[in-house]
Amino acid sequence: METLTTTLAARDLVKRYGERLALRGVSLSAGRGELVAVIGPNGAGKTTLLSILAGIQRPDEGMISVEPERIGWVPQQASLYGKLTVEENLMLFARLERTPDPKATVERMLELTDLRNRSGDQVGTLSGGNRQRVNIAIGLLARPEVLLLDEPSTGLDPRQRERLWEFILRLAGEGTTVVYATHHIPEADRYADQLIVLADGERVFDGSPRELEQATGTTGLDFEQAFVEYLRQRGH
Amino acid sequence: MRWLLLKDLRILRRSPLMVALLVIYPIVIAVLIGFALSRGPDKPKVAFYSGLSVSASTIELGGHNLNLADEEGALFRDIDVVPVDSRAAVIEKVRDGEVLAGIVIPEDLASNLQSTLESGKLQVFYNTEDPAKQAYVENTIEAQVKAANAALTTRIAQEALDLLNLIGDGGVYHFLGQDFNVLGLKRAESILTDTRATLPAGSEKREQLGEVIDFTELARDNLSFSDEVLNVVGEPIKVSARSLDGGRTSLDDFAVALAASVSLMFITLQLAAGMLASEKEENAFPRLVRGLVSHTGLLAEKAGLAAVCSTAVCLLMLIGLGLFVDLEWSRFALWVVALAGGALAFAALGLAIGTLTREVRAASLLAFMLSLPLAFLALVPSGAVAPALYDVIRAVSAVFPFKPTLDALDAALNDAGGLGGAMLHLAALVLVFGALSRLALRRFAA
Ligand SMILES: Nc1ncnc2c1ncn2[C@@H]1O[C@H](COP(=O)(O)OP(=O)(O)O)[C@@H](O)[C@H]1O
Ligand SMILES: [Mg+2]
C-alpha cells in the first residue's frame, strides 16, 4: 500500500443525524487500483461513509481530497428505470453526465458488462445480477478514478457473485480505485487489499485482512469468527 | 433536463394502461358531473318581496275581482320562499349569497294590469355565482310565471269576451257597486234603422244616419281589442331579470368548464405527483441530484411534463366537446391560457403531494383523495349551507387550485369575466406550492 500513490483521501469525517452520530471522525486513504472493503454490522455507518465520499451528503466535519465528479457511485439499491431498456438507461445517464460521445460510451459499457445481448431488454425484466451490472455500469459511465460500491453483491446468488467480482477485479486491474461496503465477511477477506472496519460510526480497524487476523490473535479460526471476536474485544 | 423529459414520456408511452386510465377516468367523471348538474336540486332558497298590499293585490276587471295573491301561491310551489319586507332587502340577500335569487313584485303591478295597457313587471335577481342553481331557479320561475300567465289570460280573456258581448248585445254592467245599462251596438243599430225609416227618402239627414248605421254594423263585426291590449292578454306578467354577481353563464357552458377543470385536475395531479415520486421509488433521485440535475430543475421538469400533457389532453377534450356543444372558437387562445395556468397550479400541488408521500402509490392515492373533495367544495352553492360555513368553504377553495381554475376556464370559455384575476390567483398558488415542494424535496432522499 505504501508504494501506491494515493488517489482518494478522506480525513476525520463526522456525520450527525440529529443527536445520533453516524460517523465519528473516520479517515480513509486509497491508492490507484486498490480494493478497499468497508465492513461492519448493519447500522455501522458504511452507507453514510460512502454517500459522503460520493457527495450525496455533506459531512458535518472533515475533508475529502477528490471532487465528486471524479468519483463513480453505485448505490445499494439499483437506481434504474425499470420501464427503460438496458441501453436506454445507459444512454440517459451518459447524456445527463454529458459524456463526450454518449453512443460510444454506452457501447463500451455494454461490452464491459457483457450485457450486449440484453441491451434491448427492459431493466425491470432482468435478473438481480444483471440489474446490478447495469447499476455498476452507470457508475462507470464518466470513467471515474474512484468507484464506490455499496453492498454490491447483496441479493445475488453465488454464481452471479462470482461474475460480479471478476468484473470488479478487472476494473481494479485497469487502475480504478474501488471502495466497497459489505457485511459479507468472507467476501472482504477474499477481494480486499485494505479493510476498514466500522462499528457504531467509528473506525476500529484499518489494514490488510491478514493484519486483522493477527490483531485478533485468532489465526486458525475462520475469518468471520476472527472478525466477530475482534469487535467483541473492543466492546461492540 | 430535456433527456429527463424524454425519458418520462418514453416511460409513459410504455405504460399504456395507466395512461388510458389517467385520460378516460377523469373524462368519465367529468361527464357524470355534467349529468348530475343538469338534474335540479331541491327547492332553492329565493327571497321574496311583494309590494302589493292586500287590497291592492286585487284587480277589478269588468266587475270581477282577480286576486293576485292566489297566483303567487302557484308561483312558489317549487321554491323555498324567504319573505322579506323591501326590494332592497331582496337585493342584499341575493348579493350575500344567502339566497340564490330574489323576486320583487312591484307596487304598481296590479294597477298596471288593470289599466291593461302595460304588462305587470315582475323583477327577478339572481346570484350567478352558481350557474347550475341559477339555471334551475330561472327555469322554475319561468315555468311558474307561464302558469300564472295562463291562468290570468283565461280570466282576462273571459272578461274581455263578456265586455265584447255587452258592447255588441247590450245589457247591465256592474262597476264600482253601480249598475249601468248598456245599450249595445245591436240595439243601437236597430233603433237607428227604425229612425231612418221615419225620415223622408233622399233627405240629407237620412243619408247621414245611413253612414252611422253602416259604422255600427262595421264596429259590431270587427269588435276587437287593440294590439297592445291583446299583447297584455297574451302575457300579463313579464319578468325583468338581472344578475347581481359574476358573469352570466348557462348551465351547459358551465358544465363544459367544469368538465375541463375536473379532467385537468386529475391528470395533472396524478402525473406530477406520480412521476416525481417514481424518481424516488426507482432510487434514481440521489443519482440525479448528484450533479446531473438541480433540485429545482427536477421539479420544473416534472411540473412541465404534467402541465403540458394534461393541457394537451384537456384541449383535445374541449375540441371533442365542441362537436356537441356550442363553443366560442374565437376564444381558443384564451382556452389554452386558462388550461395552462390551471395545469401549472395543479402541477405545483402535485409536486407537493409527490415530495411529501415519496411513493408512487401513496402519491396517487393522496392526489385522488384530495381531488374529489376539492371539486365538490368549489361547487357547494351559496345558500346551501349557513353563511359562516360558506365563508369557510370559500376560503379553503381559494387555497387550492380547483376553484381558480374553474373560474379561469369559465372566463375563457364563456366570457364570464375575471380571467386576469383567476390567472393571478393561479400564479400565486404555483409559487406557494412550488416553494413548498422545493422545501420538502430536501428530505426526499432520506
Ligand atoms: N437519513 C438518516 N436520518 C437519520 N438517521 C440515519 C439516516 N441515515 C442513516 N441513519 C443512521 O445512521 C446510522 C448509520 O447508517 P448507515 O450508514 O446506513 O449504516 P450501514 O450502511 O452500515 O448499515 C444508523 O444508525 C442509521 O439508523
Ligand atoms: Mg448500508
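Note that the coordinates shown come from a computational prediction; the quantities given were computed from them, not determined experimentally.

**Considerations on the overall build of chain B**
Helix and strand counts for chain B come out as 17 helices and nine strands. Each of the 446 residues in chain B was classed as buried or not, and the buried ones make up 44%. A separation of at least 24 residues holds for 75% of the contacts in chain B among residues at least 6 apart in sequence. Element-wise, carbon and sulfur atoms account for 61% of the exposed surface of chain B, whose accessible area totals about 21500 Å².

**Brief notes about the site of ligand 1**
Residues and elements named next belong to chain A. Contacts to ligand 1 come from Tyr 17, Arg 20, Ala 22, Pro 41, Asn 42, Gly 43, Ala 44, Gly 45, Lys 46, Thr 47 and Thr 48. In this structure, Thr 48 approaches ligand 1 through a side-chain N or O atom, which is 2.5 Å from an oxygen atom. Across the complex, the protein chains shield 66% of the 560 Å² of accessible surface that ligand 1 would expose by itself. Looking at the shell around ligand 1, the elements that each hand over two or more residues are strand 2 (20-31) and helix 1 (46-53). For the shell around ligand 1, the element with the most residues is helix 1, which contributes three residues.

**A few points about the pattern of salt bridges**
All names here are of chain A. Considering all chains together, one arrives at 20 salt bridges over all chains under this definition. Here Glu 145 makes a salt bridge to Arg 70, at a shortest N to O gap of 2.7 Å. Of this pair, Glu 145 sits in the loop between helix 4 (128-140) and strand 6 (146-150) while Arg 70 is found in the loop between strand 4 (61-64) and strand 5 (71-74), placing the two residues 75 residues apart along the sequence. Its relative accessible area of 32% is what places Glu 145 among the partly exposed residues. Glu 162 is paired through a salt bridge with Arg 190; the nearest N and O atoms lie 3.6 Å apart. Note that Glu 162 is positioned in helix 5 (residues 158-173) and Arg 190 in helix 6 (residues 185-191), a separation of 28 residues in sequence.

**Details of the sheet that holds strand 4 of chain A**
All names here are of chain A. Here we have three strands laid out as an open sheet, ordered 2-1-4, and antiparallel in their pairing. Strands at the two margins of the open sheet, each flanked by one partner only, are strand 2 and strand 4. The sheet shows a mean angle of 10° between the axes of neighbouring strands, direction not considered.

**Comments concerning the interface of chain A and chain B**
Each side of the interface is counted separately: chain A has 27 residues, and chain B has 17 residues. Together, the buried faces of chain A and chain B total about 2100 Å²; carbon and sulfur atoms form 58% of this surface. The largest per-residue losses of area from chain A upon contact with chain B belong to Tyr 81, Lys 83 and Leu 96 of chain A, which jointly make up 32% of the total buried on that side. Where chain A touches chain B, the interface holds two salt bridges. For Glu 88 of chain A, the salt bridge goes to Arg 14 of chain B, with nearest N and O atoms at 2.6 Å. Where chain A meets chain B, there are 14 residue pairs in polar contact (both at pLDDT 80 or more). Per-element accounting of the side of chain A that touches chain B gives the leading share, five residues, to helix 2 (residues 86-96) of chain A. For the side of chain A that touches chain B, the per-class residue count stands at 15 nonpolar, eight polar and four charged.

**Some points on the confidence of the model for chain B**
Residues and elements named next belong to chain B. For chain B, the average pLDDT comes to 81, and 78% of its residues sit at 70 or higher. Across chain B, the element-wise mean pLDDT spans from 52 in helix 9 (residues 227-234) up to 97 in helix 13 (residues 332-357). In the predicted complex, the global pTM is 0.70; the interface-specific ipTM is 0.87.

Criteria and thresholds
- Residues numbered from 1 in each chain as written.
- Chains lettered and ligands numbered in written order.
- Predicted model: local features only at pLDDT ≥ 70, side-chain atom pairs only at ≥ 80, totals over all residues.
- Heavy atoms only, no water.
- Helix = DSSP H or I, 4+ residues; strand = E, 2+ residues; numbered from the N terminus.
- Buried < 20%, exposed > 50% of the residue type's maximum accessible area, 1.4 Å probe, protein only.
- Contact = heavy atoms within 4.5 Å.
- Areas by Shrake-Rupley, 256 points an atom, 1.4 Å probe, with all protein chains shown as cover.
- Near = heavy atom within 4 Å.
- Polar contact = N/O pair within 3.5 Å; in protein donor to acceptor, adjacent residues only side chain to side chain.
- Salt bridge = Lys/Arg side-chain N within 4 Å of Asp/Glu carboxyl O.
- Pairing = 2+ DSSP bridges.
- Axes fitted to C-alpha atoms, helices over the stretch in contact; angles between N-to-C directions.
- Buried area = accessible area lost by both parts, 1.4 Å probe.
- Nonpolar A, V, L, I, M, F, W, Y, C, P; charged D, E, K, R; others polar.
- pLDDT = per-residue confidence, 0-100.

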